[in-house]
Amino acid sequence: DTEVTQTPKHLVMGMTNKKSLKCEQHMGHRAMYWYKQKAKKPPELMFVYSYEKLSINESVPSRFSPECPNSSLLNLHLHALQPEDSALYLCASSRGTSGGADTQYFGPGTRLTVL
Amino acid sequence: AQSVTQLDSQVPVFEEAPVELRCNYSSSVSVYLFWYVQYPNQGLQLLLKYLSGSTLVKGINGFEAEFNKSQTSFHLRKPSVHISDTAEYFCAVSEGGYSSASKIIFGSGTRLSIRP
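Let me sum up the structure you'll find in this document. As the structure is a prediction and not an experimental result, all values here were calculated from the model.

1. Things to note about the overall build of chain B
Right, so step 1: Regarding its fold elements, chain B presents zero helices and 12 strands.
Right, so step 2: For chain B, the sequential pattern of α-helices and β-strands runs β-β-β-β-β-β-β-β-β-β-β-β.
Right, so step 3: The C-alpha atoms of chain B give a radius of gyration of 14 Å, which matches the 13 Å a tight globule of 116 residues would have.
Right, so step 4: The principal-axis extent of the C-alpha atoms belonging to chain B is close to 45 × 30 × 20 Å.
Right, so step 5: For chain B, buried positions account for 46% of its 116 residues.
Right, so step 6: Here the analysis covers contacts within chain B between residues at least 6 apart in sequence; of these, 55% occur between residues at least 24 apart.
Right, so step 7: Within the structure as shown, chain B displays about 5,600 Å² of accessible surface, and the carbon and sulfur contribution to it stands at 49%.

As structure tokens, this is what we get:
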């Protein structure tokens, strides 16, 4: 099983709302990632968790708050977002044993619209 | 710092014709190179990767790529494309220095459109 699942598929929220994106994998991977992808652009790395600890934060605004409750689950909590945060949010995971040589497996993404 | 350049933003090709998508990278250390494909409204899927060894790498869906260290290139090829190959293709390099997680740097992408 090489599947990464993400929920919800689509999310529309106002600028004062609080919402969460969820990502799950059951491949035994120990590294998990959040990316943001704007239309016609490549994915941009936001956060990396390695063995449930935050290892990379790419200077993401504090209105995005990641959480890794266990090795299979990754959340992204959203609060007071701006319209420019509308994008496809992708989750990925990798084994976490071979560093740069590991393949990242991507989920289908959550399409977020901020009104 | 590592970087990836995809020279063509769009490549239109007729069905059953061959295609080459170009990718150049810059790095001062050993690299791991990847090609990912993204179909409309979907996530990214790995086509193939180069870690070491043979410079010709075969991937899924009939794609292959050749690692050329002297030209710092990793071009993707397919001898005969199908309508179903219409997608965005991303070349990527993995940044070293991490023992567990990997940090991927993506190129800007090439949109492959197949004409019947």
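2. As for the interface of chain A and chain B
Right, so step 1: Listed as interface residues are 29 residues of chain A and, on the opposing side, 24 residues of chain B.
Right, so step 2: Counting each side, the surface lost to burial between chain A and chain B is near 1,900 Å², with a carbon and sulfur contribution of 55%.
Right, so step 3: Across the chain A-chain B interface, the total number found is one salt bridge.
Right, so step 4: With a shortest N-O distance of 3.2 Å, A:E58 and B:K103 are connected by a salt bridge.
Right, so step 5: Of all elements in the fold, only β4 (31-37), β5 (44-50) and β9 (87-94) of chain A reach the threshold of two or more residues within the side of chain A that touches chain B.
Right, so step 6: Across the side of chain A that touches chain B, the residue classes tally to 14 nonpolar, 11 polar and four charged.

Conventions and cut-offs
- Along each chain, residue indices are assigned from 1 in the same order as the chain's sequence is written.
- The naming scheme follows written order: chains are lettered A onward, ligands numbered 1 onward.
- This being a predicted model, a pLDDT of at least 70 is required before a residue's local features are given, and a value of 80 or more before pairs of side-chain atoms are given or counted; all residues contribute to the totals for chains, interfaces and linings.
- The side-chain numbers reported here are obtained from all heavy atoms of the structure, hydrogens and water having been left aside.
- Helix and strand assignments follow DSSP, with helices taken as H or I runs no shorter than four residues and strands as E runs no shorter than two, numbered in order from the N terminus.
- C-alpha atoms define the radius of gyration, and 2.2 Å times the number of residues to the power 0.38 defines the globule rule.
- The buried label goes to any residue with under 20% of its type's maximum accessible area, the exposed label to any with over 50%, and the partly exposed label to all in between, with areas taken from a 1.4 Å probe on protein chains only.
- What makes two residues a contact is simply this: any of their non-hydrogen atoms within 4.5 Å.
- Surface accessibility in these figures is a Shrake-Rupley result with a 1.4 Å probe; residues are shielded only by whichever protein chains are displayed.
- When two parts are brought into contact, each loses some accessible area as probed by a 1.4 Å sphere; the total of that loss over both is the buried area.
- What counts as a salt bridge is simple: a side-chain nitrogen of Lys or Arg found within 4 Å of a carboxyl oxygen of Asp or Glu.
- Note on residue classes: Ala, Val, Leu, Ile, Met, Phe, Trp, Tyr, Cys and Pro are nonpolar, Asp, Glu, Lys and Arg are charged, and everything else, Gly too, is polar.

Purely geometric stuff here, so don't read any function into it on its own.
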